[in-house]
Every structure is written in structure tokens, then in C-alpha cells.
Amino acid sequence: MLEEELSINESYLWLVDAATGEKTELTPRNTSEKSFLWRRTVQQGWQGIYVTTDKDSEFHRLSYIDLATKQPQYLTTSIPWDVEWFDVTQDGKMIAFLTNERAQA
């Protein structure tokens, strides 16, 4: 996997075949709204990847991108805070994540 980071507001992910050097774009760049992908973890078996992204959101949400369809599934849409860290168990059955929620006044 390769990340192309153009700015703090814009980045893209690519799959790269190590044998041939062929690149496959995972995140489209032909959209009007730019987004930034932060932490990435590949799911066991290379079926998909977990990322945090601010695509279509004010906050960085935990998302899963299926490598076959390249479509994101947003997992923390109902949480109005940035997901700052996450980790997936080796068997891929559980995920833990951290948000930084400010104290309510």
C-alpha cells in the first residue's frame, strides 16, 4: 500500500504490485471535496483496509474500505469526534478505537 499525501487536507491510497510496480488507485481523486486519510491497517487476508478519514465529514471517522469494490463503510458516523487511534485484533474480529471527546459544559 502506498499513500500519496499532497497536503494536510488531501491524500490518496494506492495498492502497488511489488512484482510489476503496477498501481491501483483505492481512493478517487476526481471528486470536488478533498479528504485526508490518516492511520491505516490492512485487514487479515487483504480483503480490505481500515482507515480514518474526514471524507464527507467534519470529523475523522473510522472506515473500512473493501478492496474489491473500493467503497468505504463508515463505522463511527454517530460519534461527533475525531477517531485518533485504532487497532484491529490479529484475527480481525474486534477493533478498538480512541476518540478525544471534550468535556460538556
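Rules used throughout
Within any chain, residue numbers begin from 1 and follow the written order of that chain's sequence. Note on the predicted model: pLDDT of at least 70 is required for a residue's local features to be given, and 80 or more for side-chain atom pairs to be given and counted; whole-chain, interface and lining totals, by contrast, use all residues. Computation of side-chain values covers all heavy atoms of the structure but excludes hydrogens and water. The rule for pairing is simple: two strands pair if DSSP sees at least two bridges between them. Here a strand is any run of E in DSSP of at least two residues, a helix any run of H or I of at least four, and the numbering for each starts at the N terminus. Axis lines are fitted to C-alpha atoms, over the contacting stretch for helices. Their N-to-C directions set the angle, which ranges from 0 to 180 degrees. Any pair of Phe, Tyr and Trp rings, taking the six-membered ring for Trp, is counted once the centres come within 6.5 Å. Such a pair is stacked with planes under 30 degrees apart, edge-to-face with planes over 60 apart, and tilted for the rest. Three labels apply to residues, based on accessible area from a 1.4 Å probe with only protein chains included: buried if under 20% of the type maximum, exposed if over 50%, partly exposed otherwise in between. Note on geometry: a ring has a charge over it if NZ (lysine) or CZ (arginine) is within 6 Å of the ring centre and within 35 degrees of the ring normal. This count recognises Lys and Arg as positive and Asp and Glu as negative, with His and chain-terminal groups excluded. Definition used for salt bridges: Asp or Glu carboxyl oxygen within 4 Å of a side-chain nitrogen of Lys or Arg. In protein, a polar contact means a hydrogen-donor-capable atom and an acceptor-capable atom, both N or O and within 3.5 Å, with residues adjacent in sequence counting only if both atoms are side-chain atoms; elsewhere, any N or O pair within 3.5 Å suffices. Contacts are assigned to residue pairs with any non-hydrogen atoms lying within 4.5 Å of each other.

K.L.:
Help me understand the sheet that holds strand E3 (residues 23-25), please; the structure alone is not making it clear to me.
P.N.:
The strands making up a sheet associate through hydrogen bonds between their backbones, and the pairing can be parallel or antiparallel. Taken in spatial order, the 3 strands make up an open sheet running E1-E2-E3, and their pairing is antiparallel. At either end of the open sheet lies a strand with only one pairing partner, and these are strand E1 (2-7) and E3. For this sheet the average axis-to-axis angle between neighbouring strands, irrespective of direction, equals 30°. Alignment of strand E2 (residues 10-16) against E3, held across 3 bridges, turns out to be antiparallel. Counterpart to Val16 in the pairing with E3 is Lys23.

K.L.:
How should the packing of aromatic side chains be read in this particular structure?
P.N.:
Each aromatic ring pair is described using two quantities: the centre-to-centre distance and the angle formed by the ring planes. If you walk through the whole model with that rule in mind, you get 1 aromatic pair. With centroids separated by 4.9 Å and ring planes inclined at 55°, the aromatic side chains of Tyr50 and Tyr64 adopt a geometry described as tilted. With Tyr50 in strand E5 (residues 48-53) and Tyr64 in strand E6 (residues 61-66), this pair connects stretches of sequence that are 14 residues apart. When sorted by exposure, Tyr50 lands in the same class as Tyr64, which is buried. Over the face of the ring belonging to Trp14 we find Lys23, whose NZ or CZ atom lies 4.7 Å from the ring centre. Its guanidinium or amino end placed over the ring of Tyr74, Arg61 lies 3.7 Å from that ring's centre, counting from NZ or CZ.

K.L.:
Got a minute to help me understand the pairing of strand E9 (residues 95-99) in this structure?
P.N.:
Where strand E8 (residues 83-88) lies against E9, 5 bridges are found, and the strand directions are antiparallel. Considered in E9, the bridge of Asp87 is made with Ala96.

K.L.:
What am I meant to see in the side chain of Arg61 here?
P.N.:
Mapped onto the fold, Arg61 is located in strand E6. Within the buried core, Arg61 has no salt-bridge partner, and the shortest N-O distance to an opposite charge, that of Asp56, equals 5.1 Å. Polar contacts involving the side chain of Arg61 include one to the main-chain carbonyl oxygen of Lys55, which spans 2.8 Å. Residues contacting Arg61, with those up to four places away along its chain left out, are Val51, Thr52, Thr53, Lys55, Asp56, Tyr74, Thr76, Thr77 and Val83.

These values are about where atoms sit, not about what they do.
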